[in-house]
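# Working through the structure, step by step
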Amino acid sequence: MRGILTLIRSLQKSNVRGLTFSQLKNHDYLQQVYKMGKGRQLSSCAETLNQPAYTPRRAVLYVPGNDERKLQKITGLDVDCAVMDCEDGVAVNRKEEARNTIKKMLDNLDFGGTECVVRVNSVDSGLMADDLKVIFGADRMPKTLMLPKVDRPQEINQFTECLKESLKDRVQKEKVQLITFVESAIGLINLTDIFTRTTELANSEGLFDLAGVVFGSDDFCADIGATRTADATELLYARQKIVTCAKAFRLQAIDLVYINYKDLEGLEKQSIDGSDMGFTGKQVIHPGQIPVVQKAFSPSPERVEWATELLQAFSLHTQSGKGAFTFRGAMIDMPLVLQARNIVQLAEAVNS
């Protein structure tokens, strides 16, 4: 399937970087290829041209950073994303041990195809600066950080300053990927402002890129006084808002934890519901949950076939100079093309 995205990649090679939106709408190459005219659909396409390679995070597994035995088991797990945790999974009197153990694991473990992430403590905890200092003292720095309990944009300012201090004596070969958490009512209300400020700092400082957001549902329920139920109806509004904000900023959205780790049938249903809502992955707390979750957040062979053939048809129609077209009895517009591209990218990333 690697040849399917030739058209998209050809756009990346064209001279569209650095143009304003008004210039981009009228760019001859885009008008020739897409025949979409002015408006939101072309805007949506333009914003996605230069995305980096997709990193799947279908299942996100947390492992206490002070438990070396469990950390070493990560290498034997077929999981997209493993989080070495300094925060909620670690007792207050074990925080120093956790950050030092994580530093050791970063240097000594081969994580293979698993993305290894470090979750530091929150800004308000007063522990984040020490976490960053120790972790970025490792010879092999983490590629991805998780920052929990982000309630206000000002916390991103503090995080950025601490990260800059921790990296001042290091050669940074690539930007850190940052994933933030929503865990309170005020954090949900401020989510757009938080994403906006994080994106501004990512662009101005060049230290990190904002990659995604995680819904910390248990802390959120405690904050609003809600009772957790099996079907999570009390969290429907929050989940929908998180997905909407994440997709507006082209971010991954990681759904809530399913607490009853022995109930795989319930886990499957909630995972499929989350995928249908637009979440790109789900948090897991036990290795037994991984296969169920990763299957639920993977495109089916039928969807991959549909997406592949749609992109092929789209390529043929644009090369012939035609505009809108029908595919399998349906009119195709740019949102469907982008959806197909996302499916193919995910399938490629998972298979690789």
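Counting from 1, residues in each chain are numbered in the order their sequence is written. Per-residue local features of the predicted model are confined to residues with pLDDT of at least 70, and side-chain atom pairs are confined, for both listing and counting, to 80 or more; whole-chain, interface and lining totals are unaffected and use all residues. Side-chain metrics in this entry use all non-hydrogen atoms of the structure; hydrogen atoms and water are not considered.

## Observations regarding the overall build of the protein chain
Working definition: helices are DSSP H or I runs of at least four residues, strands are E runs of at least two. Numbering for both runs from the N terminus. Within the protein chain one finds 16 helices and ten strands. In the protein chain, buried positions account for 49% of the 352 residues. By the convention used here, residues are in contact when the closest approach between their heavy atoms is within 4.5 Å. Intrachain contacts of the protein chain at a sequence separation of at least 6 include 73% that bridge at least 24 residues. Each accessible area value is a Shrake-Rupley result obtained with a 1.4 Å probe; residue values ignore everything except the protein chains displayed when judging cover. When the accessible surface of the protein chain is summed, it comes to about 16900 Å², and 50% of that surface belongs to carbon and sulfur atoms. Buried residues are those whose accessible area, probed at 1.4 Å on protein chains only, stays under 20% of the maximum for their type, while exposed residues exceed 50% and partly exposed ones sit between those limits.

## A short note on the packing of helix H12 (residues 236–248) against helix H13 (residues 264–277)
Here an angle of 0 to 180 degrees is reported between the N-to-C directions of two axes, which are lines fitted to C-alpha atoms, with helices fitted over the stretch in contact. Here H12 crosses H13 at 45°, and the two axes come no closer than 10 Å. Between H12 and H13, the interaxial angle falls into the category oblique. Contacts from Leu236, Arg239, Gln240 and Val243 of H12 reach H13 at Gln270, Gly274 and Met277. Of the residues assigned to the contact of H12 with H13, the class counts are three nonpolar, three polar and one charged. We call two directions roughly parallel when the angle between them is under 35 degrees, roughly antiparallel when it is over 145, roughly perpendicular when it lies between 65 and 115, and oblique otherwise. In the scheme used here, Gly and all other residues not listed as nonpolar or charged are polar, with Ala, Val, Leu, Ile, Met, Phe, Trp, Tyr, Cys and Pro taken as nonpolar and Asp, Glu, Lys and Arg as charged.

## Some words on the confidence of the model for the protein chain
Each residue carries a pLDDT score, the predictor's own confidence in it, on a scale running from 0 to 100. Of the residues in the protein chain, 85% reach a pLDDT of 70 or more, and the chain-wide mean stands at 86. Of the regions scoring below 50 in pLDDT, residues 1–50 engages in 81 contacts with residues more than four places distant in sequence or in other chains.

## Focus: a nonpolar patch on the surface
A patch is a set of surface residues, each over 30% in relative accessible area and not in a salt bridge, joined within 9 Å for like charges and within 5 Å for the nonpolar side chains Val, Leu, Ile, Met, Phe, Trp and Tyr. Within this document, salt bridges are pairs made up of a side-chain nitrogen of Lys or Arg and a carboxyl oxygen of Asp or Glu, the two lying within 4 Å of each other. A contiguous nonpolar patch, built from Ile259, Tyr261 and Ile285 and spanning about 260 Å² of accessible area, is present on the exposed surface. Structurally, Ile285 can be placed in the loop between strand S8 (281–284) and helix H14 (290–296). We classify Ile285 as partly exposed; its relative accessible area is 40%.

## A look at the nonpolar core
Among buried residues, the Ala, Val, Leu, Ile, Met, Phe, Trp, Tyr and Cys ones that are joined through side-chain atoms within 4.5 Å form a nonpolar core. Formed by 65 residues in total, the largest nonpolar core has its most connected members in Met84, Leu145, Leu147, Phe159 and Phe208. Residue contacts for Phe159: discarding those within four places in its chain leaves Val123, Met128, Leu132, Leu145, Leu147, Leu178 and Phe208. In this structure, Leu310, Leu311, Phe327 and Ile343 belong to the second largest nonpolar core, which totals 17 residues.

## Side note on the sheet that holds strand S7 (residues 252–255)
Pairing between the strands of a sheet comes from backbone hydrogen bonds, and it takes one of two forms, parallel or antiparallel. With parallel pairing, the eight strands of this closed barrel are ordered in space as S1-S2-S3-S4-S5-S6-S7-S8. Looking at each pair of strands side by side, their axes are set apart by 30° on average, direction ignored. Pairing between strand S1 (residues 59–64) and strand S2 (residues 81–85): five bridges, direction parallel. Bridging from a neighbouring strand, Tyr62 pairs with Val83 of S2. The strands touched by helix H8 (residues 153–167) within the sheet are strand S4 (144–147), strand S5 (176–182) and strand S6 (208–215), with S4 carrying the most contacts at an inclination of about 145°. DSSP-based pairing: two strands are paired if at least 2 bridges between them are found.

## Thoughts on the packing of aromatic side chains
One pair of aromatic rings is described through two measures. These are the centre distance and the angle between the planes. Geometry of aromatic contacts follows a simple scheme: Phe, Tyr and Trp rings, the Trp one being its six-membered ring, pair when their centres are within 6.5 Å, and the pair is stacked under 30 degrees between planes, edge-to-face over 60, tilted otherwise. This model, assessed by the stated rule, comprises four aromatic pairs. Plain terms: the ring middles of Phe159 and Phe208 are 5.8 Å apart, the flat faces sit at 65° to each other, and that makes the pair edge-to-face. One end of the pair, Phe159, is in helix H8; the other, Phe208, is in strand S6, and 49 residues separate them in sequence. Phe208 sits in the buried class, given a relative accessible area of 0%. Relative to Phe325, the ring of Phe314 lies with its centre 6.5 Å away and its plane at 35°, an arrangement referred to as tilted. Of this pair, Phe314 sits in helix H15 (residues 301–319) while Phe325 sits in strand S9 (residues 325–327); the two residues are eleven residues apart in sequence, bridging distant segments of the chain. Since its relative accessible area comes to 6%, Phe314 is described here as buried.

## Concerning the layout of surface pockets
Roughly 280 Å³ of internal volume is contained in the second largest pocket. Put simply, the grid is 1 Å and covers the protein atoms alone, a cavity is a trapped set of points that fit a 1.4 Å probe, a pocket is an open set with protein on both sides within 12 Å along at least five of seven lines, and lining residues have an atom within 4 Å of a point. Lining the second largest pocket are 18 residues, and of these Tyr62, Asp88, Arg119, Val257 and Gln283 sit closest to its centre. Counting residues per element, the ones that place at least two in the lining of the second largest pocket are S1 and helix H11 (217–224). Across the lining of the second largest pocket, the residue classes break down as eight nonpolar, four polar and six charged. Grid points are joined across faces, edges and corners, and a volume is the space filled by probe spheres set on the points.

## Details of the side chain of Ser166
Considering the arrangement of structural elements, one finds Ser166 in helix H8. Beyond its immediate stretch of four places on either side in the chain, Ser166 contacts Leu132, Lys133 and Phe136.

## Regarding the environment of Leu61
Mapping Leu61 onto the fold places it in strand S1. Separated by 225 residues in the primary sequence, Leu61 and His286 have C-alpha atoms spaced 7.2 Å apart. The residues contacting Leu61, other than those within four sequence positions of it, are Leu77, Val79, Cys81, Ala82, Val83, Val284, Ile285, His286, Pro287 and Ile290.

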